[in-house]
Amino acid sequence: MKRLAVFFFALATVAAHAAGAGDERYLPDIRGRLRGVSAYPPTNVCLRHSGSEATQCAYTDMEGRFYIPSFGSVRSTAETEGDDTPGGYPEFWLELGTRTGVVTRLHSVRLGDRRAELHLECNLERTADPCEAKNPG
């Protein structure tokens, strides 16, 4: 009898997890390249989200390339702050930090319903919307 109760509890736990799995959102792996005078010498590119300090940062190589790996699924604010909080996901974006302390917002990062990769080409000589996604789909 005890084993049967444990089995049903385990089955209910798996079913509950599977039901919530359809609502998961994922951050993509981010690969990019900075171009323009501000890209050299190597600098840092940081992933941030609303209400936070930098989440993850990467330094560019000598050709301006950077890579920020995904840290997996993102939980909604209702899951992280309690049931009374309205649902929704935090906003994510990339920033360019420099040694002068001036921060430049590079590109918004959308969450996806599956694991993906985002490729960006960023021209730092453009002040508005410096990055272009090379794989918009």
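Structure: above.
(A) Quick peek at the pairing of strand β7 (residues 92-97). Most of β7 is tucked away, with six of its six residues classed as buried. The two faces of β7 match: F92, L94 and L96 on one face and W93, E95 and G97 on the other face are all buried. Judged from the six bridges that link them, strand β3 (residues 44-49) and β7 form a sheet pairing that is antiparallel. Counted as the bridge partner of L47 is L94 from β7. In this structure, β7 lies alongside strand β8 (residues 103-109), joined through six bridges in antiparallel fashion. Of the residues in β8, the one forming a bridge with L96 is T104.

Parameters and conventions
Residues numbered from 1 in each chain as written. Predicted model: local features only at pLDDT ≥ 70, side-chain atom pairs only at ≥ 80, totals over all residues. Heavy atoms only, no water. Buried < 20%, exposed > 50% of the residue type's maximum accessible area, 1.4 Å probe, protein only. Helix = DSSP H or I, 4+ residues; strand = E, 2+ residues; numbered from the N terminus. Pairing = 2+ DSSP bridges.

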